[in-house]
Amino acid sequence: SQQGEEDPQALSIQEGENATMNCSYKTSINNLQWYRQNSGRGLVHLILIRSNEREKHSGRLRVTLDTSKKSSSLLITASRAADTASYFCATVLREGGSEKLVFGKGMKLTVNP
Amino acid sequence: KAGVTQTPRYLIKTRGQQVTLSCSPISGHRSVSWYQQTPGQGLQFLFEYFSETQRNKGNFPGRFSGRQFSNSRSEMNVSTLELGDSALYLCASSLAVSLAGAKNIQYFGAGTRLSVL
């Protein structure tokens, strides 16, 4: 089952531009995380935002969370070629007595030099 | 601190065989999770171990199993391999006592790419 869905699924921009990706989820959450994956490698944690936070910054990253709309956005400012990667949002889904970290399908960002 | 180490990095198996993948977590991390990543299904949660016990489980058949040792190292086993098991298998460790908590930041290994022929 998919808890998070990123939008758009792919984005191509020029270096220096900003990139925004959105994530929607279905159930109530304690927090939402964003991860980055370079081609065929492991994921790297970027930022975690708690359900009682509306906005969080980390370097060139800005994350917002709207729990009423069950959505989050990740903004990467002044993008660089090294930001080329797939980006995933992740939330915890409780199902049948189990908890599992569920990732969206990911958004592929290409930053052209 | 050393990161999460997964071995082997690449594997080629044939249908019907079984395979064991290994994961060494970051020192001090007691939670180890396994994920399967395919182009069609994306990243899917297999299971999570904490202090040698399977604490959480995804929706995979019983052919997928795992275990965790007292030093927190974990292994994942897939029996009777099928073509559809070809995937990147990722292991992640965390300090989390609960997956839902704010300390559940997952640190991923580079993955094992399994090809089933």
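Since the structure is predicted, the reported quantities are computational estimates derived from the model, not experimental observations.

Draft legend 1. Geometry of the state of the cysteines. Under the defined criterion, the tally for this structure stands at 2 disulfides over all chains. The disulfide partner of Cys 23 of chain A is Cys 89 of chain A, and the gap between their sulfur atoms is 2.1 Å. Of note, the bridge from Cys 23 of chain A to Cys 89 of chain A carries an S-S torsion of about 70° and is right-handed in sense. With Cys 23 of chain A in strand E3 (residues 19–25) and Cys 89 of chain A in strand E9 (residues 85–95), the pair connects residues that are 66 residues apart, well separated along the chain. Owing to a relative accessible area of 2%, Cys 23 of chain A belongs among the buried residues under this scheme. Note that Cys 23 of chain B is cross-linked by a disulfide to Cys 91 of chain B, the S-S spacing being 1.7 Å. Taking the torsion about the sulfur-sulfur bond, which here is approximately -50°, the covalent link between Cys 23 of chain B and Cys 91 of chain B counts as left-handed. Residue Cys 23 of chain B is located in strand E3 (residues 19–24), and its partner Cys 91 of chain B is located in strand E9 (residues 87–94); the two are separated by 68 residues in the primary sequence. The two residues Cys 23 of chain B and Cys 91 of chain B agree in class, both being buried.

Draft legend 2. Representation of the pattern of salt bridges. All names here are of chain B. Under the definition given, this model contains 8 salt bridges over all chains. Between Glu 82 and Arg 63 there is a salt bridge; the shortest N-O distance is 3.6 Å. In this pair, Glu 82 sits in the loop between strand E8 (74–78) and E9 while Arg 63 sits in the loop between strand E6 (53–57) and strand E7 (64–68), placing the two residues 19 residues apart along the sequence. Given a relative accessible area of 41%, Glu 82 falls into the partly exposed group. Taking the shortest distance from any N to any O, the salt bridge between Arg 73 and Glu 75 comes out at 3.4 Å.

Draft legend 3. Representation of the environment of Gln 18 of chain B. All names here are of chain B. Residue placement: Gln 18 occurs in the loop between strand E2 (10–13) and E3. Each C-alpha atom, one on Gln 18 and one on Val 78, is 5.5 Å from the other, the two residues being 60 residues apart in sequence. Setting aside residues no more than four positions away along its own chain, Gln 18 makes contact with Lys 13, Asn 77, Val 78, Ser 79, Thr 80 and Leu 81.

Calculation criteria
- Residues numbered from 1 in each chain as written.
- Chains lettered and ligands numbered in written order.
- Predicted model: local features only at pLDDT ≥ 70, side-chain atom pairs only at ≥ 80, totals over all residues.
- Heavy atoms only, no water.
- Disulfide = S-S within 2.5 Å.
- Helix = DSSP H or I, 4+ residues; strand = E, 2+ residues; numbered from the N terminus.
- Buried < 20%, exposed > 50% of the residue type's maximum accessible area, 1.4 Å probe, protein only.
- Salt bridge = Lys/Arg side-chain N within 4 Å of Asp/Glu carboxyl O.
- Contact = heavy atoms within 4.5 Å.

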